[in-house]
Amino acid sequence: MKGFEDHKNSENKIKIDSNIENKKKQIINKAIQLHLKGNISEAIKYYQHIINKGCNDHRVFLNYGVILKNYGKLKEAELSYRKAIEINPHYALAYSNLGSILKDLGKLKEAEFVTRKAIEIKPDIAEAYSNLGNILKNLGKLKEAELSLCKAIEIKPYLASAYFSLSTLKYSKKSKTYTSKHWY
């Protein structure tokens, strides 16, 4: 009979573990739904709660990073994106978002590297090409920047930010041919 009791205890443990996992999934889904509906303050509470409970879901860290970036907390957003990548090293969107943050922090070489990694993993993310174009522009690699921005537009023809970046790139290239005299 002892073996039977051991089996019973292991069944209870499996049920408890299953219930805990279901509860985590419910909290994650609730956080994502609140985020999607624009209820950011409540979404933050859910994200922080599940992170404090030892969450290991890359989507949570990506989404929380987006919120942190929008609140201007770039260092915290960087850490959140890095955690998403640590959990899922093949998560192209986290690399792309990290590249954007690194650009904003002035870490252009690293931003270029991680954004290229995003494109390597998933070559159809228009936003990654757009981010890369802006990074390359800041690095002075104007020809490469133009190609990257054109690729973003090719992938997603309605990506307004890529058009804007391309137009400012073209303008900056054109303005470099003029003298820097000021006319008053």
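Cut-offs used in this document
Residues numbered from 1 in each chain as written. Predicted model: local features only at pLDDT ≥ 70, side-chain atom pairs only at ≥ 80, totals over all residues. Heavy atoms only, no water. Phe/Tyr/Trp six-rings, centres within 6.5 Å; stacked < 30°, edge-to-face > 60°. Helix = DSSP H or I, 4+ residues; strand = E, 2+ residues; numbered from the N terminus. Buried < 20%, exposed > 50% of the residue type's maximum accessible area, 1.4 Å probe, protein only. Contact = heavy atoms within 4.5 Å. Expected span 1.5 Å × (residues − 1). Arc of directions from axis to C-beta.

K.L.:
What am I meant to see in the packing of aromatic side chains here?
P.N.:
The description of an aromatic ring pair rests on the distance of the ring centres and on the angle between the ring planes. Inspection of every chain in the model, using the stated rule, returns one aromatic pair. Ring plane angle 55° and centroid distance 6.2 Å describe the contact between Y47 and Y64, whose orientation is recorded as tilted. Pair noted here: Y47 is in helix α2 (residues 40–52) and Y64 is in helix α3 (residues 58–70), with a separation of 17 residues, a long-range link. Of the two residues examined, Y47 and Y64, each falls in the buried class.

K.L.:
Explain the side chain of E112 to me, please; I cannot follow it from the model alone.
P.N.:
Looking at the secondary structure, you find E112 in helix α6 (residues 108–121). Given the relative accessible area of 9%, E112 is considered buried. With near-sequence residues (within four places) excluded, E112 lies in contact with L132, I135, L136, L139 and K141.

K.L.:
How should I be thinking about helix α4 (residues 74–87) in this particular structure?
P.N.:
Every α-helical turn comprises 3.6 residues, leaving residues that sit three or four positions apart pointing alike. Over its 14 residues, α4 extends 20 Å from the first C-alpha to the last, a length consistent with the 20 Å expected when each residue adds 1.5 Å. Within the sequence span of α4, burial applies to A77, E78, S80, Y81, A84 and I85. The buried residues of α4 occupy an angular sector of 165° when projected down its axis, which confines them to one face. Facing away from the buried side of α4 by more than 90 degrees, the exposed set consists of L79 and E86.

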